[in-house]
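Each chain, written out:
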Amino acid sequence: MTDSARSATAADFADLAAFNALPRVGSPALSPDGTRLVVVVSELAPDGKKWQGALWEIDPEGTRQPRRLTNAAKGESSPEFTPDGSVLFLSSRPDAQSDDKDKQGKDKAALWLLPPTGEAREVYRPAGGVDGFTVATGTGHLLLSASAHPTAAFGEEDAAKRKARDDAGITAILHEGYPIRYWDADVGPAYRRALATGPVSADSGRVETVTDLAPDAGSTIEEIIAISPDGRWAIFSEQVPVSPAYGARYNLRLAATDGSSSRVLADEPDHSFSSAAFTPDSTAVIAVRVVDSTADSPWYGTLVRIDVESGDITDLTPDFTEEPASPVVSPTGDAVYFTSSDHGHQPVWRLDLASGAITRLTARGGYTDVIVSHDGTTLYAMGGTVDHPSTPVRLDATAVDQEPVRLLSPGRVDSVPGTLTEIETTVADGRTVRAWLVLPEGASVDRPAPLLLWVHGGPVMSWNNWSWRWNPWLMAARGYAVLLPDPALSTGYGHEFVKAGWGRWGAEPYTDLMAITDVAERRDDVDDSRTAVMGGSFGGYMANWIATQTTRFRAIVTHASLWHLDAFTGSTDGAYYWIREMGDPLTQPDRVKANSPHLYVANIETPMLVIHGDKDYRVPIGEGQRLYFDLLRHGVNAKFLYYPTENHWILTPGNSRIWYETIFAFLGEHVLAEEWERPELL
């Protein structure tokens, strides 16, 4: 077994360097005959400055040891099998067989192919790179996502436009719509195109001709979704403008892959469509249909069947109380598999298309990337739990509440430094609020552990799986009990649970958090005199709000957090989403003011560590800067950990390590009464 395939133990969580070196697994792909499972394993690059992906083969039977397939300095991602058993993937590695040195110098992802035997070869590299792709399972036809300037034809004209801008030193972007930024990237000047092509040529070994399926779409294509098994049809989603304030909703467009026709397949007022998957006979698609949110009601989704010929839409899950996601149709067309949150888990569900019956296939854990075997009897997925990273698993396609078979793979963890339990309480309006509680080794009535309340982001999500970026076991290795609650707005507890906190972030979410913290603090193995709060994004907002409402905690860590809600409304990249929940500050000022923590800064007495990345466009850096300044001018003991090159998440190994080191030092000073020790490289 290679070092990358070794299992981690509790000791790895006491050492940040060892934790960063643990392999991280994802993006599974199953061969057509079901004998090969390929995943992406990310681990530290030789210089230690980034995580780098490589393709590995996993035995679906769980008997053979995993083996590495690729080893490029630029890394690989997004594997998919072709009907002949080759693996297509994306990589920005240079093409050794190309004489075009200009292309080799561009750090853009190209499409590569790894045949069953032989070396990987580049098959397609447009000027702007390939953003994503999917393969027709029956024919090998491809649907590609790549970008081009909106005024240029895809291909040579777009390449010339890019070169002219580079040569002229122009980086400016003229916007005529919204949004203009997304998470950590500017929108434009190139926009997504939907491209179709036949199978990779057996003669040239390349993608030879592509067809632009919507050459006049401009900036409207939102997502490249699916290609039919017979290779005839492509599905992609388009933005349908609603208003500047309320952004857009999303329809589904059906296009013939030969470019001969294109039409809107699904478009309903006040709804958006996503995640379409074709049925095996290519006559229908299964998709997620979402009712768009308003200030009075959160969004919620259902699974629908859309007939390709007629466009008729049938709701398949009208009584399902959660949010179905990522539908996958069985090869026989009799069932749809999907995932959805449920009380601190994210199970795999099976929908029987004949009867409409929905069964829960997994008892515990969180699952993504579900794949159905060619005979429909077996499922493969990425499966993890709060106390184990997501790794490849095998499931029976029909058994109820089963425990998966964990396959031999890199990224396995044999032990963590503590134990996991659950607690719950009933709050004033009758809802049950639950939480995971991580207890460090040795916590007892004689040695009660200090408590860290860790609030999840989202906010419409839950603690239901492992997290590499927000890992409670690193805190447990240092003696902390960690409370991971799901307050109002969390998924997995029904639509009304989300609605309870909708537009009321400072109300029920706050009181839920305090109520479940009370339960944790009453335990004999928890020290209620040494407590702290931590959170990022929505969790950072809650950390800020908690700071203005109570002095019960010794320290507060707030990451990528909302502070001044009026200013945030117009500066975030997703203002339309925000206004749909909180309303327009000009026309509904009371709602924004009631929930904006900056108005209550004078109440803050608790020491605070503020963390923010400059490239964060979801919660712009101005929120962190204003928060830190407000704390200082009101005499609060505060520190500001600022990342000029990071975004909403801290993604590079070195900066991630400093993130944890600074938090350990800050909590150590204020919770454990240790002397402040500045991290060495800060």
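One can find the structure itself at the top, above this paragraph.
Residues numbered from 1 in each chain as written. Predicted model: local features only at pLDDT ≥ 70, side-chain atom pairs only at ≥ 80, totals over all residues. Heavy atoms only, no water.

**Details of the overall build of the protein**
Filter applied, for reference: In DSSP terms, a helix is any run of H or I states spanning at least four residues, a strand is any run of E spanning at least two, and both are numbered starting from the N terminus. Per-residue accessibility, obtained with a 1.4 Å probe over protein chains only, is compared with the maximum for each type, and a residue is labelled buried under 20%, exposed over 50%, and partly exposed between these values. Contact criterion: two residues are considered in contact whenever any of their non-hydrogen atoms come within 4.5 Å of each other. In this description, accessible areas are obtained by the Shrake-Rupley approach with a 1.4 Å probe, and a residue is regarded as covered only by the protein chains that are shown. Charge counting follows a simple rule: Lys and Arg are positive, Asp and Glu are negative, and His as well as the terminal groups are ignored. In plain terms, the charge of a residue is placed at NZ if it is Lys, CZ if Arg, CG if Asp and CD if Glu.
Per the secondary structure count, the protein includes twelve helices and 38 strands. Sorting the 682 residues of the protein into buried and exposed places 58% on the buried side. Expressed as a percentage of contacts within the protein between residues at least 6 apart in sequence, the contacts between residues at least 24 apart total 57%. Just so you have it, the protein exposes about 27500 Å², and 48% of that area is on carbon and sulfur atoms. For the protein, the centre of its 58 positive side-chain charges and the centre of its 92 negative side-chain charges are spaced 4 Å apart.

**A few points about helix α12 (residues 653-670)**
How we decide: Helix span, expected: 1.5 Å multiplied by one less than the number of residues in the helix.
Its 18 residues give α12 an end-to-end C-alpha distance of 26 Å, which sits within 8% of 26 Å, the value for a rise of 1.5 Å per residue. Extensive coverage of α12 is indicated by the burial of 13 of its 18 residues.

**Notes on the sheet that holds strand β2 (residues 37-44)**
The condition is simple: Strand pairing is assigned whenever DSSP identifies at least 2 bridges connecting the two strands.
The strand order across the open sheet built from four strands is β1-β2-β3-β4, with neighbouring strands paired in antiparallel fashion. Of all strands in the sheet, those bounded by a partner on one side alone are β1 (24-30) and β4 (67-68).

**Observations concerning the pattern of salt bridges**
Note the cut-off: For salt bridges, the criterion is a side-chain nitrogen of Lys or Arg within 4 Å of an Asp or Glu carboxyl oxygen.
Per the stated rule, a full pass over the model turns up 33 salt bridges. Here Arg 523 makes a salt bridge to Asp 525, at a shortest N to O gap of 2.9 Å. A relative accessible area of 13% places Asp 525 in the buried class.

**A word on the nonpolar core**
So the rule is basically this: Residues grouped as a nonpolar core are buried Ala, Val, Leu, Ile, Met, Phe, Trp, Tyr and Cys residues, joined through side-chain atoms within 4.5 Å.
Counting residues in hydrophobic clusters, the biggest one holds 52 residues, and the most contacted among them are Leu 453 and Leu 483. For this core, the element with the most residues is helix α7 (residues 538-549), which contributes seven residues. Setting aside residues up to four positions removed in sequence, Leu 453 forms contacts with Leu 483, Pro 485, Leu 513, Met 514, Thr 517, Ala 532, Val 533, Met 534, Ile 546 and Phe 553. In terms of nonpolar packing, the next biggest core, distinct from the first, is built from 40 residues, Trp 470, Met 475, Ala 555 and Tyr 660 among them.

**Remarks on unusual backbone geometry**
The residue after Tyr 178, namely Pro 179, is reached through a cis peptide bond having omega 5°. Here Gly 458 and Pro 459 are connected by a cis peptide whose omega angle stands at 0°. In this structure, Pro 459 sits in the loop between β33 (449-455) and α4 (472-476). The residue Ser 275 is not glycine, and still its phi comes out positive at about 55°. Structurally, Ser 275 can be placed in strand β19 (residues 271-278). Looking at Ser 275, the relative accessible area reads 26%, which means it is partly exposed.

**Overview of the sheet that holds strand β15 (residues 221-227)**
Sheets are built from strands paired through backbone hydrogen bonds, the pairs being either parallel or antiparallel. Rules: To get an axis, a line is fitted to the C-alpha atoms, and for a helix only the part in contact is used. The angle between two axes follows their N-to-C directions and goes from 0 to 180 degrees.
Pairing is antiparallel across the open sheet formed by four strands, whose spatial order is β15-β16-β17-β18. Only two strands of the sheet have a single partner each, and these edge strands are β15 and β18 (262-266). Pairs of neighbouring strands in the sheet enclose a mean axial angle of 35°, with direction left out of account. With ten bridges joining them, strand β16 (residues 233-243) and strand β17 (residues 247-256) adopt antiparallel strand pairing. What sits directly across from Ala 234, in β17, is Ala 255.

**Digging into helix α11 (residues 621-633)**
Count 3.6 residues to each turn of an α-helix, and residues three or four apart come out pointing the same way. Over its 13 residues, α11 extends 19 Å from the first C-alpha to the last, a length consistent with the 18 Å expected when each residue adds 1.5 Å. When α11 is considered as a whole, its buried residues turn out to be Ile 621, Glu 623, Gly 624, Leu 627, Asp 630 and Leu 631. Where α11 is buried, its residues meet α7, β36 (555-559), α8 (565-571), β37 (608-613) and β38 (638-643). In the segment just after α11, Gly 635 is the residue with positive phi, at about 75°.

**Quick look at the environment of Thr 283**
Selection criterion: We call two N or O atoms a polar contact when they sit within 3.5 Å, provided that within protein one can donate a hydrogen and the other can accept it, with sequence-adjacent residues counted only if both atoms are side-chain atoms.
Within the secondary structure layout, Thr 283 lies in the loop between β19 and β20 (284-291). Here the alpha-carbon distance between Thr 283 and Glu 309, two residues 26 residues apart in the chain, equals 7.2 Å. Setting aside chain neighbours within four positions, we find Thr 283 in contact with Arg 305, Ile 306, Asp 307, Val 308 and Glu 309. A distance of 2.8 Å separates the side chain of Thr 283 from the side chain of Asp 281, its partner in a polar contact.

**Examining the packing of aromatic side chains**
Let me state the cut-off plainly: Any two rings among Phe, Tyr and Trp, with Trp reduced to its six-membered ring, count as a pair given centres within 6.5 Å; such a pair is stacked if its planes are under 30 degrees apart, edge-to-face if over 60, and tilted if neither.
All told, the structure shown has 27 aromatic pairs when counted by the stated rule. Measuring from centroid to centroid gives 6.5 Å for Phe 338 and Trp 349, while their planes differ by 15°, and the two rings are stacked. Placement of Phe 338 in strand β24 (residues 335-339) and of Trp 349 in strand β25 (residues 348-352) is noted, with a sequence separation of eleven residues between them. With relative accessibility at 0%, the residue Phe 338 sits in the buried group. Ring plane angle 70° and centroid distance 6.4 Å describe the contact between Trp 454 and Trp 463, whose orientation is recorded as edge-to-face. The residues Trp 454 and Trp 463 share a single accessibility class, namely buried.

**Section: the side chain of Glu 238**
By the element assignment, Glu 238 lies in strand β16. There is a polar contact of 2.8 Å between the side chain of Glu 238 and the side chain of Arg 253. Setting aside residues up to four positions removed in sequence, Glu 238 forms contacts with Thr 220, Ile 221, Glu 222, Arg 249, Tyr 250, Asn 251, Arg 253 and Val 264.

**Structural notes on the pairing of strand β13 (residues 191-197)**
β13 sits mainly inside the fold: six of its seven residues count as buried. Judged from the seven bridges that link them, strand β10 (residues 142-148) and β13 form a sheet pairing that is antiparallel. Paired with Ala 146 across the strands is Arg 193, a residue of β13.

**Considering the environment of Trp 659**
Relative to the assigned elements, Trp 659 resides in helix α12. When its relative accessible area of 3% is taken as the criterion, Trp 659 is described as buried. In the structure, Trp 659 is positioned 514 residues away from Ser 145 in sequence and 35 Å away in space, judged by C-alpha atoms. Leave out the neighbours within four places in its chain, and Trp 659 touches Trp 454, Arg 469, Trp 470, Met 534, His 559, Ile 611, Leu 641, Tyr 643 and Ile 650.

As far as function goes, none of this settles anything; it's purely spatial.
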